[in-house]
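One-letter residues, chain by chain:
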Amino acid sequence: MKKLLLTILTGAISCPLFAQSISPGAIYAASASGSTNGVSVNWVLGSLNTFSDLSVLPVKLISFEGRLNAAGLAELHWKTAEEVHNLGFEIQKSPDGKQWELLGWVDGAGDSKTVHDYHYVDQEFVTTSYYRLRQVDTDDSYTYSKIICIIPEKESLDRFYVYPNPSREHKVRVQMPEQTQSLFLFDQLGNKLGQFETPGTERTITLPHTGSYLLQIDTPVGSRTTKLIFH
């Protein structure tokens, strides 16, 4: 049996999070919290079948975070508090959080009761990506970390804005992040006035009359809505 330890911090996260399973026939660890550029859940991930007979997991993973470095690459950092027979960490990458491929490997500390810091840089980072760790013991048993998501600046929802706003003209320019899937224009009552598929990163929209409007974009990492006023 394996022991489950969870420490939950609060925050907000831009990308969806996914629970991981370890082996069939067990109850699995999972979380739904997050933080801006990494993970707000520090945990030891494992499985259990009862709550009365538990044993300590080989590795205590107390943090796993991701962020953009100065070069714009995805940089992963994780920390362990204790390791028992830890062979190392397989870093896995996914474009959607579902289909995974091997990205790299970092050796573990073997047996240790001190804190160890690890990091890995994804040199092939070009678009929004999901990452997880597969911690492997010397007996080939393993556990998964939670999933984190890292978004490049060019695909950030913060790149969505409209100008001029407020506007005194019928036409306004909309700036959007790369990979934007749809752009919608609504009136103040929520009626859809326009829809643009794969609009690119910049689009000119003509407003039918004065009033308040809502502009919404849908992207692979989420949606965002902004208010537009035409005097």
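Residues numbered from 1 in each chain as written. Predicted model: local features only at pLDDT ≥ 70, side-chain atom pairs only at ≥ 80, totals over all residues. Heavy atoms only, no water.

Looking at this model, I keep getting lost on unusual backbone geometry. Mind explaining?
Glycine aside, a negative phi is what most residues show, and trans is what most peptide bonds show. That bond from Tyr163 to Pro164 is cis: its omega, -10°, falls within 30 degrees of zero. Residue placement: Pro164 occurs in the loop between strand 12 (161-163) and strand 13 (171-175). Look at His85: it is not a glycine, yet its phi comes out positive at around 55°. Within the fold, His85 resides in strand 6 (residues 74-94). His85 sits in the partly exposed class, given a relative accessible area of 43%. Positive phi, normally seen in glycine, also occurs at Thr198, with a value near 40°. Residue classification places Thr198 among the exposed residues on the basis of a relative accessible area of 63%. (Helix = DSSP H or I, 4+ residues; strand = E, 2+ residues; numbered from the N terminus. Buried < 20%, exposed > 50% of the residue type's maximum accessible area, 1.4 Å probe, protein only.)

What should I look at first to understand the environment of Pro95 in this one?
Mapped onto the secondary structure, Pro95 falls in the loop between strand 6 and strand 7 (101-112). What makes Pro95 exposed here is its relative accessible area of 61%. It is 6.1 Å that separates the C-alpha atoms of Pro95 and Tyr130, two residues lying 35 residues apart in sequence. Those residues in contact with Pro95 that sit more than four places away from it in its chain are Thr128 and Tyr130. (Contact = heavy atoms within 4.5 Å.)

I tried to follow the sheet that holds strand 16 (residues 202-206) on my own but got confused; where do I start?
Two strands in a sheet stick together by hydrogen bonds in their backbones, pointing the same way (parallel) or opposite ways (antiparallel). Strand order in the open sheet formed by three strands is 12-13-16, and the pairing between neighbours is antiparallel. Of all the strands in the sheet, just strand 12 and strand 16 have a single pairing partner and so form its edges. Looking at each pair of strands side by side, their axes are set apart by 25° on average, direction ignored. Pairing between strand 12 and strand 13: three bridges, direction antiparallel. Along strand 13, the bridge assignment pairs Val162 with Val174. (Pairing = 2+ DSSP bridges. Axes fitted to C-alpha atoms, helices over the stretch in contact; angles between N-to-C directions.)

Please clarify how the pattern of salt bridges should be interpreted in this entry.
A side chain with one charge can pair with a side chain of the opposite charge if their charged atoms come near. Taken as a whole, this structure holds nine salt bridges when the rule is applied. The salt bridge partner of Glu75 is Arg67, with a shortest N-O separation of 3.7 Å. Looking at Glu75, the relative accessible area reads 15%, which means it is buried. When its relative accessible area of 38% is taken as the criterion, Arg67 is described as partly exposed. Within this structure, Lys60, Glu82 and Lys113 form a network of salt bridges that share partners. (Salt bridge = Lys/Arg side-chain N within 4 Å of Asp/Glu carboxyl O.)

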